[in-house]
Amino acid sequence: MSAFDYGWNSDKNGVSSFWLRFNSCVREPKSWKEELYAAARVITNQAKKPIWVCLSGGIASEVACRAFYDQGINFSVLTLEHKAGTNYHDVQYTVKWCRLR
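Residues numbered from 1 in each chain as written. Predicted model: local features only at pLDDT ≥ 70, side-chain atom pairs only at ≥ 80, totals over all residues. Heavy atoms only, no water.

1. Here's the deal with the packing of helix 1 (residues 32–46) against helix 2 (residues 59–69)
Closest axis-to-axis distance for the helix 1/helix 2 pair is 9 Å, and the angle between their directions is 65°. In terms of axis orientation, helix 1 runs roughly perpendicular to helix 2. Crossing hand, helix 1 versus helix 2: right-handed. In this structure, helix 1 uses W32, L36, Y37, A40, I43 and T44 to contact helix 2, whose residues at the interface are V63, R66, A67 and F68. Class assignment for the residues of the contact of helix 1 with helix 2 results in eight nonpolar, one polar and one charged. (Axes fitted to C-alpha atoms, helices over the stretch in contact; angles between N-to-C directions. Helix = DSSP H or I, 4+ residues; strand = E, 2+ residues; numbered from the N terminus. Parallel < 35°, antiparallel > 145°, perpendicular 65-115°, else oblique. Left-handed = near helix turned anticlockwise from the far one by under 90°. Contact = heavy atoms within 4.5 Å. Nonpolar A, V, L, I, M, F, W, Y, C, P; charged D, E, K, R; others polar.)

In C-alpha cells form, the structure reads like this:
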C-alpha cells in the first residue's frame, strides 16, 4: 500500500481529470531520521543499478546523502555547476563534503 493513489477519469465528452487520494497511515510514524534511513534501505534493497544521489550543496540533498552514508550504503554523488558560476559556493561545499567522507 502506498501513501496515495492517483489516476485519470474521462467523461463521455473526452474531458479528462486527474484525481489523487491520500491513504490513512497504517503504522505509527517514526522519527524523521528513522523514516529517512528506512527509505534509503528500501531504495537500496530494490535498486538494480548503482545508486546516484544529486547533491546540490543544500541541506535537503545533504540529508539524503547522509541517509546512505551513515548506514554504510554505497552510492555515488552527482552535482552540476552552472555555466555562469551562480552556484559556485554550493559546488565547493559539495566537493568538500564528499572529500571528507
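2. Here's the deal with helix 3 (residues 88–99)
For helix 3, with twelve residues, the first-to-last C-alpha span of 17 Å sits near the 16 Å given by 1.5 Å per residue. Buried within helix 3 are the following residues: V91, T94 and W97. Down the axis of helix 3, the smallest arc covering the buried residues is 125°, so these residues share one side. Exposed and facing more than 90 degrees away from the buried side of helix 3 are H89, K96 and R99. (Expected span 1.5 Å × (residues − 1). Buried < 20%, exposed > 50% of the residue type's maximum accessible area, 1.4 Å probe, protein only. Arc of directions from axis to C-beta.)

3. Points about the pattern of salt bridges
Scanning the model with the defined rule gives three salt bridges in all. Between D5 and R21 there is a salt bridge, and its shortest N-O distance comes to 3.2 Å. Of this pair, D5 sits in strand 1 (residues 4–10) while R21 sits in strand 2 (residues 16–22), and the two are 16 residues apart along the sequence. With relative accessibility at 27%, the residue D5 sits in the partly exposed group. Between R27 and E35 there is a salt bridge; the shortest N-O distance is 2.8 Å. Taking relative accessible area as the criterion, R27 reaches 48% and is therefore assigned partly exposed. Residue class for E35 comes out partly exposed when judged on its relative accessible area of 24%. (Salt bridge = Lys/Arg side-chain N within 4 Å of Asp/Glu carboxyl O.)

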